[in-house]
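# Structure at a glance
Chain by chain, the residues:
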Amino acid sequence: MKTRRQFLHHGLHASLLLGMPPYLLGAKKSAQYRTALIGCGWWGMNILREAIAAGRSQVVGLCDVYQRPLEASLDEVQQLTGSSPRLYRDYEEMLEKEKPEVVIVATPDHWHALPCIKAMELGAHVFVEKPTSHTIGESQAMLQVARATGRTVQVGLHRRIGPHHVSGMAFLRSGKLGRIGLVKMFVTSSGTGPEEPTPHTKEPRGMDWDRWCGPAPWRPYCRRLTPGGWRNFLDYANGTLGDWGVHWIDQMLWWSPEPYPKTVFSTGGRPILGPPVSDPDRGSTTDAPDTQMVTFGFESFTAIWEHRKYAGNPQENHRIGAYFYGTEGIFHMGWRDGWTFYPRKASESTVHQEPSFDHVEDGHNLTLLWQDFIDAIDQARPPVADIAPAHRSSLLPMLGMISHRLGRSLNWDGQTESILGDSEAKSLMRRAYRQPWTYPSLQSKTSSNQPSP
Amino acid sequence: MKLSSVCQSLLILTLFSDSTTLALDWPMFRGPDHDGISRETEWKKQWPESGPITLWEAQVGIGFSSVSVADGCALTLGHQDDQDTLYALDSLTGAVKWQHSYPSKLGAKFYEGGPGSTPTIDGGRVYSISKWGDLFCLEASTGKVIWQRQLEKEEGLTLPDWGFNGSPLILGDKLILNIGGAGMTLDKSSGKTLWLSNQEAGGYSTPLPFVMGNTQLIALSNETHFTGVEVETGTQRWEIKWPTRYGVNAADPIILGDEIWIGSGYGKGHGLFRIQGGEVSEIWTNRELRAQQNAPVLIKDHLYGFDGDGGSRAALKCIERSTGKVAWEADSFKYGALSAAGDHLIILSAQGELITAPASPSSFEPLSRAQILDGKCWIVPVLANGLLYARNSQGHLVCVDLRP
Ligand SMILES: NC(=O)c1ccc[n+]([C@@H]2O[C@H](COP(=O)([O-])OP(=O)(O)OC[C@H]3O[C@@H](n4cnc5c(N)ncnc54)[C@H](O)[C@@H]3O)[C@@H](O)[C@H]2O)c1
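Note that the structure is predicted; figures quoted are calculated from it, not measured. (Residues numbered from 1 in each chain as written. Chains lettered and ligands numbered in written order. Predicted model: local features only at pLDDT ≥ 70, side-chain atom pairs only at ≥ 80, totals over all residues. Heavy atoms only, no water.)

So, about the interface of chain B and chain A. Contact residues are listed per partner, giving 21 residues for chain B and 23 residues for chain A. Buried area between chain B and chain A, summed over both chains or domains, comes out near 2,100 Å², and the portion from carbon and sulfur atoms is 41%. Put simply, chain B and chain A have eight salt bridges between them. Across the salt bridge formed by Glu71 of chain A and Lys241 of chain B, the nearest N and O atoms sit 3.9 Å from each other. At the surface where chain B touches chain A, the tally comes to 15 residue pairs in polar contact (both at pLDDT 80 or more). Along the lines of polarity and charge, the residues of the side of chain B that touches chain A split into six nonpolar, five polar and ten charged. (Contact = heavy atoms within 4.5 Å. Buried area = accessible area lost by both parts, 1.4 Å probe. Salt bridge = Lys/Arg side-chain N within 4 Å of Asp/Glu carboxyl O. Polar contact = N/O pair within 3.5 Å; in protein donor to acceptor, adjacent residues only side chain to side chain. Nonpolar A, V, L, I, M, F, W, Y, C, P; charged D, E, K, R; others polar.)

Residues Leu48, Leu62 and Trp370 of chain A are the most contacted members of the largest nonpolar core, which totals 60 residues. The residues touching Leu62 of chain A, leaving out its near neighbours within four places in the chain, are Leu37, Cys40, Leu48, Leu70, Ser73, Leu74, Val77, Pro85, Arg86, Leu87, Tyr88 and Met94 of chain A. (Core = buried A, V, L, I, M, F, W, Y, C linked by side-chain atoms within 4.5 Å. Buried < 20%, exposed > 50% of the residue type's maximum accessible area, 1.4 Å probe, protein only.)

This part covers the side chain of His79 of chain B. Residues and elements named next belong to chain B. With respect to the helices, strands and loops of the structure, His79 is situated in strand β4 (residues 73-80). According to the relative accessible area criterion, His79 is buried, its value standing at 5%. Within the structure, the side chain of His79 is placed 3.4 Å from the backbone oxygen of Gln83, a separation counted as a polar contact. Excluding residues that lie within four positions of it along the chain, His79 makes contacts with Val60, Gly61, Ile62, Asp84, Ser104, Lys105, Leu106, Gly114 and Pro115. (Helix = DSSP H or I, 4+ residues; strand = E, 2+ residues; numbered from the N terminus.)

Residue and element names in this part refer to chain B. Counted under the stated rule, the structure contains 36 aromatic pairs over all chains. With a centroid separation of 4.7 Å and an interplanar angle of 40°, the aromatic rings of Tyr102 and Phe136 are classed as tilted. Highlighted residues: Tyr102 in strand β6 (residues 96-103) and Phe136 in strand β9 (residues 134-139), separated in sequence by 34 residues. On the accessibility criterion, Tyr102 (6% relative accessible area) is buried. Between Tyr335 and Trp378 the ring centres are 5.6 Å apart and the planes differ by 80°, which places this aromatic pair in the edge-to-face class. Of this pair, Tyr335 sits in the loop between β26 (326-330) and β27 (336-341) while Trp378 sits in the loop between β30 (368-371) and β31 (382-384), and the two are 43 residues apart along the sequence. Tyr335 gets classed as buried once you look at its relative accessible area, which sits at 2%. Note on Trp378: relative accessible area 10%, which makes it buried. Lys109 extends its terminal NZ or CZ atom over the ring of Trp162, reaching a point 5.5 Å from the ring centre. The ring of Trp242 is capped by Lys268, whose NZ or CZ atom sits 4.3 Å from the centre of that ring. (Phe/Tyr/Trp six-rings, centres within 6.5 Å; stacked < 30°, edge-to-face > 60°. Lys NZ or Arg CZ within 6 Å of the ring centre and 35° of its normal.)

All names here are of chain A. Between helix α3 (residues 42-54) and helix α11 (residues 366-379), the least distance of the axes is 9 Å, while the angle of their chain directions is 60°. In terms of their interaxial angle, α3 and α11 are classed as oblique. Pair α3 / α11 crosses with right-handed handedness. Across the interface between the two elements, Trp43, Asn46, Ile47, Glu50, Ala51 and Ala54 from α3 touch Leu366, Thr367, Trp370 and Gln371 from α11. When its residues are assigned to classes, the contact of α3 with α11 shows six nonpolar, three polar and one charged. (Axes fitted to C-alpha atoms, helices over the stretch in contact; angles between N-to-C directions. Parallel < 35°, antiparallel > 145°, perpendicular 65-115°, else oblique. Left-handed = near helix turned anticlockwise from the far one by under 90°.)

Residue and element names in this part refer to chain B. For chain B, the assigned domains read domain 1 (34-64 + 329-404) and domain 2 (69-156). For domain 1 and domain 2, the distance between their C-alpha centroids amounts to 23 Å. Facing 19 residues of domain 1, the contacting portion of domain 2 comprises 20 residues. Taking both sides of the interface into account, the surface hidden between domain 1 and domain 2 amounts to around 1,400 Å²; carbon and sulfur atoms contribute 61%. Counting the contacts that link domain 1 with domain 2 gives one salt bridge. With a shortest N-O distance of 3.0 Å, Lys376 and Glu112 are connected by a salt bridge. (Domains from an automatic or database assignment.)

This is the structure in structure tokens:
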């Protein structure tokens with residue numbers, strides 16, 4: 001069966017071949033998309049600002065389970081556009097009432113899959129934040145629905161379009177690094193421990209904490225969780241590996257001659273922050289590792305993830321990014337430090353490229369990524385950070401965390417996307433959702449009411 | 001000077017708010033006139049290349065508490081080893097007169113944490129509140145606790161995300177706090193609650209007294225509004241909706257006649273409103289002064305203050321009050337804090353450089369500069385009796401001699 005995307009794609013192609021009048025293309029380009037935002041936090045508003053600035057969106061709805069960011073976002077949208085989108089707590093209600101054509105999903109990771117799937121099923125194109133999801137099965141279902149509905153799905157991996165990443169990738173592909181045998185991706189920061197538990201308190205007024213937890217386990221609220229702090233609570237995200245790791249893993253896979261690794265093994269823990277605490281009297285600490293090393297075994301090279309939340313990286317020039325080790329030297333793909341090639345031969349000089357951001361303070365290239373998303377919709381072509389490669393990149397941190405949990409190596413069949421010979425590990429690719437939510441099913445888009453595994 | 005005469009004069013000042021200065025003390029956050037401006041005019045605005053003399057230094061623990069000064073005593077709060085300490089230092093020598101510690105948490109959420117309010121001195125007593133609602137009334141001469149309360153527990157309050165950071169205000173016999181959605185007052189002599197607006201989280205501003213008609217009001221912020229409240233009854237007379245991304249309305253409002261200036265950071269901006277009866281009307285709003293933590297100072301119809309958030313790019317700006325238009329901006333600053341004395345600005349850059357400059361709408365022309373601190377300096381510098389008190393977030397406090 002031909003998917004709708006293919007139809008659109010072929011359709012456009014055909015008209016181009018037949019010499020579609022330019023004014024028609026022009027007319028299409030100026031179309032305003034009814035746009036809605038789900039998750040009005042820090043990053044969600046960063047994206048919505050780009051959508052407004054690009055001039056192709058009419059903001060019709062804002063959704064959050066917390067009144068405060070919802071109202072602050074409304075205030076800003078009013079200032080920027082002069083119009084007042086309606087506010088929602090329940091994204092399903094918003095999608096049904098507002099019928100947006102474009103939906104931005106910038107909720108915490110455990111809340112990516114359901115809104116994305118619903119939005120696509122109702123016909124919207126989706127811009128969803130990285131990582132695609134929290135568990136593997138969710139991301140698989142998102143990809144499947146994207147293809148079945150033919151909707152354009154851009155994932156917020158702006159490093160796929162950031163100018164120094166693009167030129168760095170060209171440099172890597174030029175062969176100047178020789179044969180590459182090792183990629184090391186890393187994020188280091190400074191910190192001390194042990195982590196003090198944060199007392200359990202009533203959630204802030206106007207926050208629907210039960211809905212915030214949604215399909216993930218409910219846990220007592222503490223101030224460390226929001227905003228943003230949920231990244232280091234494994235019920236809702238996958239720690240630094242899931243948060244930062246996916247960006248650099250995606251850079252590695254963008255370059256990689258192989259689409260997936262064969263083995264995954266993680267070690268690490270919380271030697272500095274101390275054992276996680278969740279105690280009615282003392283409160284909660286985070287529970288994500290402060291130290292983690294994951295080895296991804298590919299056939300032709302090895303990739304390593306390392307993060308540390310202490311000691312910094314004072315002995316090196318870089319504290320974040322990905323090193324590509326080749327026979328001709330070391331290439332560092334970085335963030336604010338651009339990219340640098342350190343040649344093996346002392347006679348050759350270092351090559352360096354500074355970054356160029358659309359937003360200097362947050363160091364991102366969302367302007368370009370958003371424009372690419374709109375262009376991809378207009379032209380019915382895959383966007384640069386399409387759900388398929390983003391899905392593959394998002395799976396690696398999730399596999400890393402499964403290995404981390406079990407303390408053993410996983411054999412991964414990327415073709416069928418299954419963990420081989422380890423039923424316990426395999427069971428962790430999905431998880432039971434909390435009632436009344438249902439884990440997205442892989443069979444077909446109508447079977448989302450089936451019980452979870 | 002005798003303590004009693006100081007408290008009497010302060011009482012008179014707060015009650016009648018007239019400008020007969022007696023002491024050039026700075027008894028609470030934002031100073032005797034609640035506007036960030038000292039009445040001192042004869043102080044050393046210019047110094048030789050070698051910089052002004054640092055009279056003394058002290059280590060007072062982590063926090064963002066500023067300094068208040070009265071009757072030879074400089075007070076501030078800091079956090080160390082699971083406790084907060086209120087320091088009463090000799091304002092001339094820095095010698096510890098007394099100190100008062102109590103168990104507390106650091107509360108380092110996306111920043112260093114530590115206490116954010118500044119103690120208030122009134123009538124020979126010191127009033128001080130912690131991030132978590134520990135409220136103390138102490139004898140200013142000895143540090144003896146007269147009464148104390150744990151407001152969060154006793155009143156069942158919701159803490160704001162970053163805890164209580166507004167400073168206590170004394171008006172007559174009332175102690176007023178930015179606690180609850182629209183403030184609370186206590187009897188200052190006994191600590192008994194007179195009224196509490198509600199149990200919601202308050203904002204981070206310090207209650208600002210003003211008179212409307214014949215009624216004494218306070219203006220303060222909560223997470224989403226600025227509001228005017230009758231001191232006697234707690235009745236809310238007006239409110240201005242002012243939502244910000246993280247619910248942080250921290251900068252104190254400025255009132256001039258029937259106009260009120262308000263502003264906040266995180267991209268929000270600032271605005272001037274007119275209040276007539278209970279009606280609020282907007283005069284202008286814009287994003288030119290996103291005052292994240294500290295309010296600007298208003299001098300001769302111009303506002304001077306920092307636009308931007310701590311830790312990111314920021315600019316010092318001069319803004320015409322009546323129009324909201326930028327008169328000038330100096331963007332070499334990476335955030336900072338300022339106060340003023342007379343018609344001169346006293347600026348502490350985020351990196352600890354002290355800068356003096358005339359407050360002039362035509363241009364920014366620094367008179368003198370001196371590196372007096374390092375680390376993160378987001379806390380307003382305070383001038384009292386010719387001595388300049390400044391501290392960083394790690395608790396390094398310096399007293400610089402600017403006496404003529
Ligand atoms: N691409 C990047 O460089 C980048 C950078 C930062 C964040 N992000 C991603 O953006 C997403 C959001 O991160 P953030 O830092 O803005 O977090 P945040 O905590 O600031 O914001 C998340 C918002 O989602 C809301 N929310 C939770 N459940 C909801 C629901 N069911 N419906 C509607 N709203 C709901 C929360 O109340 C909150 O306001 C994450 O997936 C994160 O990984 C990406």
